[in-house]
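# Breakdown of the fold
Spelled out from the first residue to the last, the chains are:
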Amino acid sequence: MAPLFSRSPRKSPADRMVTLVGKPGCHLCDDAQAVIEQVCAETGASWEKKDITEDAELHRKYWEQIPVVLIDGAQHDFWRVDPKRLRTALGA
């Protein structure tokens, strides 16, 4: 019999991908990037940066929320990035 509430194994931070969705010249994006760089360096998580001015779908989805932080493709945060909350979400 299968358990009612099965959980998938928890990923280690090193297996996670943080994506910063922003645009050039955005001071909040620069602030978010600094936090992401620091937390990812501490936890071993990977990160990438995507520019909404180069991707119509990202622009449509996130224009009013940038910077947007995704973890493994799912939205985690927008506007401001809290380092403690990001570490917790990464499982660190």
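Shown above is the structure to which this text applies.
Notes on the structure follow. The residue count restarts for each chain, going from 1 along the sequence in the order it is written. Only residues with pLDDT of at least 70 are given local features in this predicted model, and only at 80 or more are side-chain atom pairs given and counted; all residues enter the totals for whole chains, interfaces and linings. Hydrogen atoms and water are omitted, and side-chain values are computed over all heavy atoms in the structure.

## As for the sheet that holds strand S2 (residues 46–51)
Defined as follows: Criterion used throughout: strands pair if DSSP finds at least two bridges between them. Helix and strand definitions follow DSSP, with helices as H or I runs of at least four residues and strands as E runs of at least two, each counted in order from the N terminus. Interaxial angle, 0 to 180 degrees, is taken between N-to-C directions of lines fitted to C-alpha atoms, where a helix line uses only the stretch in contact. The contact criterion used throughout is that any non-hydrogen atoms of two residues lie within 4.5 Å.
Read across the open sheet, the four strands follow the order S2-S1-S3-S4; overall the sheet is mixed. At either end of the open sheet lies a strand with only one pairing partner, and these are S2 and strand S4 (74–78). Adjacent strand axes in the sheet meet at a mean angle of 25° when their direction is disregarded. With respect to the sheet, helix H1 (residues 27–43) is in contact with strand S1 (17–22), S2 and strand S3 (68–71), its orientation differing from that of S1 by roughly 170°.

## Concerning the environment of glycine 91
For glycine 91, the location among the structural elements is in the segment after helix H3 (83–89). Residues glycine 91 and proline 13, spaced 78 residues apart in sequence, show a C-alpha to C-alpha distance of 5.9 Å. Apart from residues lying up to four places away in sequence, glycine 91 is in contact with Arg10 and Pro13.

## What to know about the pattern of salt bridges
Defined as follows: In the sections that follow, a salt bridge refers to a side-chain nitrogen of Lys or Arg positioned within 4 Å of a carboxyl oxygen of Asp or Glu. Each residue is placed in one exposure class: buried if its accessible area under a 1.4 Å probe, protein chains only, is under 20% of its type's maximum, exposed if it is over 50%, and partly exposed if it falls in between.
Applying the stated criterion to the full structure yields six salt bridges. For glutamate 42, the salt bridge identified is with arginine 87, shortest N-O distance 2.8 Å. With glutamate 42 in helix H1 and arginine 87 in helix H3, this residue pair connects regions lying 45 residues apart in the sequence. A relative accessible area of 46% means that glutamate 42 is categorised as partly exposed.

These figures capture arrangement, not role.
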